[in-house]
Structures are given as structure tokens and as C-alpha cells.
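In case you want the letters, here they are:
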Amino acid sequence: ELGTYPHYMIKEINEQPQVMRKIIKEYQDEHGELKIDKNIITQLNEADRLYVIAAGTSYHAGLIGKEYFEKWAGVPTEVHVASEFVYNTPLLSEKPLFIFISQSGETADSRAVLVDIKEKGYKSLTITNVPGSTLSREADETLILHAGPEIAVASTKAYVAQIAVLAITAAVTARELNKVSDMNLMSELAKVTTAITTVIEDAPKIEEIVTGYLETARNSFFIGRAMDYYVGLEGALKLKEISYIQAEGFAGGELKHGTIALIEEGTPVFALSTQEKVDLNIRSNAQEVKARGANVCVVAMEGLEQQGDTYVIPKVDDMLTPLVSVVVYQLISYYAALHRGNDVDKPRNLAKSVTVE
Ligand code: M6R
């Protein structure tokens, strides 16, 4: 199954353009319009608030999904870590809809929430890669990710698929609520697919980033603002999971509130800038850590790039940049783990699906 690839993780990273194309095809009707099952759209339109429940990488995808539901469809959305929800339950709205995001559909922490909210009589939708999985069977409705089997413990193509499916779902919700959109999501997703391919083709360049920034590092930081903050959280999780380098993702503006104390000579800091409205802010955060000795790697989007940036991702719509920028972080993590001689696909202490609470 691995074919010519040395690891499942790199195979799955490379499959991402194909996954995007599959999703575009599956979620399109015969007139080329975005399509989501009618029952699901009815539930989304009737809900006064969405509660997204997920763990790990799927939680990070949920954070991006919130932006789509709120900005495009105007539906208030909360995103919760599954293992906390049962104990730190927020005050629920009158007509909540619960959305479970899970690659495997088997995560026990998420299932515990599903069991609980079903008992209370609330509606649920599962977004999963595995048809027939527990979370799919037990929820009222299911949306499939169409990413194909994901074998590597580090989730890559499922994250991209989750964001794409969330974007399509939010866009159809917006359309049905008669919210006007100034972008054609289908064609923008096609551009994203091309951009992902470009990043994948740059793998040798990205491997050099690892040589320049992470070869001897024991800790690292991923900063960003707005959507880039959420991608930083995912970048940090990916890196620590397989390279065992301590990594922390946080909002650029929080630096001065504590974390900056950890910056020393040579500390690697990855700063992402794909959002014009916060470009100057994140660049000044990057300056702050650089002035304290950090080894700063700026990843910027075309159009926002400046001299000295380490890597430039192709330009895509502002709201869709996570689909492309995350691929840079996936590759950085992959090569960092590889250079350390780690078992890339089966990192220590981790299982592909976490079926205990
Ligand atoms: O199957 P799920 O999406 O529910 O899994 C959730 C997390 O366990 C999973 O995303 C985990 O964080 C990954 N190993 C991250 O790469």
C-alpha cells in the first residue's frame, strides 16, 4: 500500500491535492453547485448556535470551521475540546446543534459527549472519514470526509478534508439563509488544490528549513494571529507528536504576556502571516522575539512577503489559507522526525484512535 513512499505520513501529505479534488467532486451537484444533504442544511438553519466537539487535530479544524459558520452564515459557533465538555459544560442555547468532528469516528472523549447530549434530546451531526464508525452511527446525520484511509498516527489529509468540508457546509448554510457571498468557493478550492501541490513540490526546500531551524532544537514556538493562530496550534501539535521537540502554538499578541520569557539565543520561532489585517502585528511580534535572539522562520503568503522571509506560500483566498499553510508545517514535522530517526508513522505513546476516555 505504501508504494514508493517510505512512510504513510508523507504518502498522506502527498495525497492532499487528490483529496481536495475528490471533495470538490463529491460535494457538487449536476449543475456544478455546492451540495449538502437537505436534512443537514435544515438542521443547520434551524439551530440558533453550533457546538463543535472534537479532539486534537480535529479540534484545530473545528476552530477554522467556526470562522466559516460565523463569518459566512452568521451562525454563532463554539468549539470545545471533547474531554472537557462533559465537565466544563457551557450554558447551552435554546436550539443547539452539535457537530462532532472526528477522523476515525471512534474517539471516546467525543462519544461521551454524544451520548450525553443525545440523552438530553439534542440533534447531532458527525463529520468523519469513516462511514459506519461509532460516531457516525450514533449521530442523527453524517458528512463524510472522503480522504481515504489515514494510517499515520499524525493526522494530515484528514485535517485538510475537515476544513474543506466545513467550508462547503458553511457556504451552503449561508446560501440557504440567503446570505450573499463574494466568492465562488468551488473555484477558490480548486486554486487551493493547486497551491497545495506547489508546496508539496517544494518539499526539498522545506526539508532545508528543518536543517536550519530544528536540527538541535529542544523547544520551539509557533505564532500567528487570527486564522494563522489556529494553524500554529496544529503546527505545534504535529511537531511535538512525531519529532518529540517541545512545541507551543500561541497567539502572537500573547507573547508579551509571558511566553517571551522563554526565548533564548537560537530558539526556533515559526511565524505565519497569511492575513493582511494582522500582517504588521505578527511581523512586529516576530521582531520582538528576534531581538531577544530567536531564530525566526517567517512563512508568509504571496502578496504579503517581505525580504528575508523563509518561505512563501502561493496566494489563495484569505479564508482558505489554513488549507495551504498547514502543509508547510506538516512537512516540517515530517522531516524533523525523520532527521531524528523517529518512527514517523507510529510515534511513541500514541495510538491512531483514542478509544479510552
Ligand atoms: O479520530 P479523531 O479525529 O477523533 O482523533 C482525534 C485526535 O486523537 C487526533 O486528531 C490526534 O490529535 C492526532 N494524532 C493528531 O495528529
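In short, a report on the structure. Remember, it's a predicted structure, so these values are computed and weren't measured experimentally.

1. Remarks on the overall build of the protein
Secondary structure assignment for the protein yields 13 helices and ten strands. The C-alpha atoms of the protein give a radius of gyration of 20 Å, which matches the 21 Å a tight globule of 357 residues would have. In terms of principal-axis extent, the alpha carbons of the protein reach across some 55 × 45 × 45 Å. When each of the 357 residues of the protein is scored for burial, the buried share is 59%. By sequence separation, contacts in the protein at least 24 residues apart represent 77% of the contacts at least 6 residues apart. Summed over its atoms, the accessible surface of the protein is roughly 15,100 Å², and 48% of this surface lies on carbon and sulfur atoms. Averaging the positions of the 34 positive and the 49 negative side-chain charges in the protein gives two centres separated by 1 Å.

2. Points about the packing of aromatic side chains
In this structure the tally under the stated criterion is eleven aromatic pairs. Between Phe 221 and Phe 250, the aromatic rings sit 6.0 Å apart at their centres with planes inclined by 80°, giving edge-to-face as the arrangement. Here Phe 250 lies in strand β7 (residues 246–251) and Phe 221 lies in strand β6 (residues 219–224), a separation of 29 residues in the sequence. By the burial criterion, Phe 221 is buried, and Phe 250 matches it.

3. Focus on helix α4 (residues 56–71)
For α4, which comprises 16 residues, the first-to-last C-alpha distance of 24 Å matches the rise-based estimate of 22 Å (1.5 Å per residue) to within 8%. Among the residues making up α4, those that are buried are Thr 57, Ser 58, His 60, Ala 61, Gly 62, Leu 63, Ile 64, Gly 65, Glu 67, Tyr 68 and Phe 69.

4. Regarding the sheet that holds β6
Strands sit in the order β7-β6-β8-β9-β10 across an open sheet of five strands; the sheet is parallel. Among the strands making up the open sheet, the edge pair consists of β7 and β10 (311–313). The average undirected angle you get between the axes of adjacent strands in this sheet is 20°. Bridging between strand β8 (residues 268–273) and strand β9 (residues 295–301) involves six bridges; their strand directions are parallel. Residue Pro 268 lies in a different strand from β9, and its bridge partner there is Asn 295. Together, β8, β9 and β10 form the strand contacts of helix α10 (residues 203–213), whose direction differs from that of β9 by roughly 155°. Taken strand by strand, helix α11 (residues 227–243) contacts β6, β7 and β8, and its axis lies near 175° from that of β7.

5. Considerations on the site of the ligand
Taken together, 14 residues surround the ligand, and among them Ser 58, Ser 102, Ser 104, Thr 107 and Glu 241 come closest. Between the ligand and Thr 107 there is a distance of 2.5 Å, counted from an oxygen atom to a side-chain nitrogen or oxygen. In isolation the ligand offers 410 Å² of accessible surface; the protein chains occlude 91% of this area. When contributions to the shell around the ligand are tallied by element, the ones reaching two or more residues are α4 and α11. Class assignment of the residues belonging to the shell around the ligand gives a composition of four nonpolar, eight polar and two charged.

6. Looking at the pattern of salt bridges
The full count for this structure, using the stated rule, is 16 salt bridges. Ionic pairing is found between Lys 120 and Asp 116, a salt bridge with its closest N-O pair at 2.9 Å. Two residues, Arg 175 and Glu 176, come together in a salt bridge whose shortest N-O distance is 3.6 Å. Of the residues examined, Arg 175 reaches a relative accessible area of 34% and is grouped as partly exposed. On the accessibility criterion, Glu 176 (35% relative accessible area) is partly exposed. A single network of salt bridges, built from pairs that share partners, joins Lys 11, Glu 15 and Lys 157.

7. A look at the pairing of β9
Summarising burial for β9: six of the seven residues are buried, a large majority. In this structure, β9 lies alongside β10, joined through three bridges in parallel fashion. Residue pairing across strands places Ala 300 opposite Val 312, the latter belonging to β10.

About the criteria used
Residues numbered from 1 in each chain as written. Predicted model: local features only at pLDDT ≥ 70, side-chain atom pairs only at ≥ 80, totals over all residues. Heavy atoms only, no water. Helix = DSSP H or I, 4+ residues; strand = E, 2+ residues; numbered from the N terminus. Rg over C-alpha atoms; globule rule 2.2 N^0.38 Å. Buried < 20%, exposed > 50% of the residue type's maximum accessible area, 1.4 Å probe, protein only. Contact = heavy atoms within 4.5 Å. Areas by Shrake-Rupley, 256 points an atom, 1.4 Å probe, with all protein chains shown as cover. Lys, Arg positive; Asp, Glu negative; His and termini not counted. Charge placed at Lys NZ, Arg CZ, Asp CG, Glu CD. Phe/Tyr/Trp six-rings, centres within 6.5 Å; stacked < 30°, edge-to-face > 60°. Expected span 1.5 Å × (residues − 1). Pairing = 2+ DSSP bridges. Axes fitted to C-alpha atoms, helices over the stretch in contact; angles between N-to-C directions. Near = heavy atom within 4 Å. Polar contact = N/O pair within 3.5 Å; in protein donor to acceptor, adjacent residues only side chain to side chain. Nonpolar A, V, L, I, M, F, W, Y, C, P; charged D, E, K, R; others polar. Salt bridge = Lys/Arg side-chain N within 4 Å of Asp/Glu carboxyl O.

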